[in-house]
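Chain and residue survey
One letter stands for each residue in the lines below.
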Amino acid sequence: MAQRVTLRKRQPYNTKSNRRRHVKTPGGRLVYHHLKKPGTSPKCGDCGVALPGVPALRPRQYAVISKRQKSVNRAYGGSRCGDCVKSRVVRAFLIEEAKIVKKVIKSQTQGKK
């Protein structure tokens, strides 16, 4: 018959925060190891994809790690993915180009009058 294992924490219910694993100690006893919840990686604010280069941790652990581990060395690093940053840059460039073209067309029409 299997050896009985007692809980090490006070919470007796099988919830997401009370997951545990059977572990055999070097002394031959079976004990519970309580598992922590896995961390989720931060997501891009535009497209929702997981940000590469930023570790997946629990929220409190981000306060412990350094700033360079929480972001990527780029504009919007740690907040937006590279593809979304690229599309933002291209969109801003095209908007500026459209303004310049509009201004040139307006000056040409003024010259004809």
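Above this text you will find the structure in question.
Let me sum up the structure you'll find in this document.

Analysis parameters
- Starting afresh in each chain, residues are numbered from 1 along the sequence in its written order.
- The predicted nature of this model means local features are confined to residues of pLDDT at least 70 and side-chain atom pairs, given and counted, to a pLDDT of 80 or more, with totals for whole chains, interfaces and linings taken over all residues.
- The basis for every side-chain value is the complete set of non-hydrogen atoms in the structure, without hydrogens or water.
- Working definition: helices are DSSP H or I runs of at least four residues, strands are E runs of at least two. Numbering for both runs from the N terminus.
- C-alpha atoms define the radius of gyration in this analysis, and the globule rule sets the expected value at 2.2 Å times the number of residues to the power 0.38.
- Only protein chains enter the area calculation, which uses a 1.4 Å probe; residues under 20% of their type maximum are buried, those over 50% are exposed, and those in between are partly exposed.
- Note: two strands are recorded as paired if DSSP finds a minimum of 2 bridges between them.
- We call Phe, Tyr and Trp rings a pair once their centres come within 6.5 Å, taking the six-membered ring for Trp, and we label the pair stacked below 30 degrees between planes, edge-to-face above 60, and tilted otherwise.
- In this analysis the charged atom, NZ for Lys or CZ for Arg, is taken to sit over a ring once it is within 6 Å of the ring centre and within 35 degrees of the ring normal.
- We define a polar contact as two N or O atoms separated by no more than 3.5 Å, with the added condition that, inside protein, one atom must be a possible hydrogen donor and the other a possible acceptor, whereas residues neighbouring each other in sequence contribute only through side-chain atom pairs.
- Here, two residues are considered to be in contact whenever any of their heavy atoms come within 4.5 Å of each other.
- Only a pair of cysteine sulfur atoms within 2.5 Å counts as a disulfide in this structure description.
- Grouping buried Ala, Val, Leu, Ile, Met, Phe, Trp, Tyr and Cys residues that are joined through side-chain atoms within 4.5 Å yields what is termed a nonpolar core.
- Only one rule defines a salt bridge in this text: a Lys or Arg side-chain nitrogen within 4 Å of an Asp or Glu carboxyl oxygen.
- Patches here are clusters of residues that have more than 30% relative accessible area and form no salt bridge, with a 9 Å joining cutoff for like charges and a 5 Å cutoff for nonpolar side chains (Val, Leu, Ile, Met, Phe, Trp, Tyr).
- The accessible surface values rely on the Shrake-Rupley method and a 1.4 Å probe; as for residues, cover is taken only from the protein chains in view.

1. Some thoughts on the overall build of the chain
Of regular secondary structure, the chain possesses 2 helices and 2 strands. From first element to last, N terminus to C terminus, the chain shows the α and β order β-β-α-α. Relative to its length of 113 residues, the chain is extended, with a C-alpha radius of gyration of 28 Å against a globular reference of 13 Å. In terms of overall dimensions, the chain has a C-alpha envelope of 100 × 25 × 20 Å along the principal axes. For the chain, with 113 residues in total, the buried portion stands at 12%.

2. Details of the pairing of strand S1 (residues 20-24)
Relative to strand S2 (residues 30-34), S1 runs antiparallel, the two being bridged by 5 bridges. Each residue of the ladder has a partner; that of Arg-20, found in S2, is His-34. Counting the residues in the hairpin turn of S1 and S2 gives 5 residues, including Gly-28, whose phi is positive at 95°.

3. Observations concerning the packing of aromatic side chains
For the structure on display, the rule yields 0 aromatic pairs. Taking the ring centre of Tyr-76 as reference, the NZ or CZ of Arg-88 above it sits at 4.7 Å.

4. Some remarks on the side chain of Arg-80
Along the chain, Arg-80 falls in the loop between helix H1 (67-70) and helix H2 (82-112). Among the polar contacts made by the side chain of Arg-80, one reaches the side chain of Ser-79 at a distance of 2.9 Å. Beyond its immediate stretch of four places on either side in the chain, Arg-80 contacts Cys-44, Gly-45, Asp-46, Leu-51, Arg-74, Val-85 and Arg-88.

5. A closer look at the state of the cysteines
Summed over the entire model, instances satisfying the criterion amount to 0 disulfides. The thiol of Cys-81 is unpaired, and the distance to the nearest cysteine sulfur, on Cys-84, comes to 3.5 Å. Of the residues examined, Cys-81 reaches a relative accessible area of 7% and is grouped as buried. For Cys-84, a relative accessible area of 10% gives the class buried.

6. Here we look at the nonpolar core
In terms of nonpolar packing, the biggest core is built from 7 residues, these being Cys-44, Leu-51, Val-54, Tyr-62, Ile-65, Cys-81 and Cys-84. Look past the residues within four positions of Val-54 in its chain and what remains in contact with it is Pro-42, Tyr-62, Gln-69, Lys-70, Ser-71, Val-72 and Gly-78.

7. Some thoughts on the pattern of salt bridges
Under the counting rule described, the total for this entry stands at 3 salt bridges. Here Asp-46 ties to Arg-80 by a salt bridge, and the two come within 3.2 Å at their closest N and O atoms. Within this pair, whereas Asp-46 is found in the loop between S2 and H1, its partner Arg-80 is found in the loop between H1 and H2, the two being separated by 34 residues in sequence. Take Arg-80: its relative accessible area is 19%, and that puts it in the buried class. A salt bridge links Lys-99 to Glu-96, with the shortest nitrogen-to-oxygen separation between them at 3.6 Å. With Lys-99 and Glu-96 both in helix H2, this residue pair falls 3 residues apart, about one helical turn.

8. Quick look at a nonpolar patch on the surface
A cluster of nonpolar residues, Val-90, Phe-93 and Leu-94, forms a patch on the protein surface that exposes about 300 Å² of accessible area. Mapped onto the elements of the fold, Val-90 is located in helix H2. On the basis of relative accessibility, which here comes to 42%, the residue Val-90 falls in the partly exposed class.

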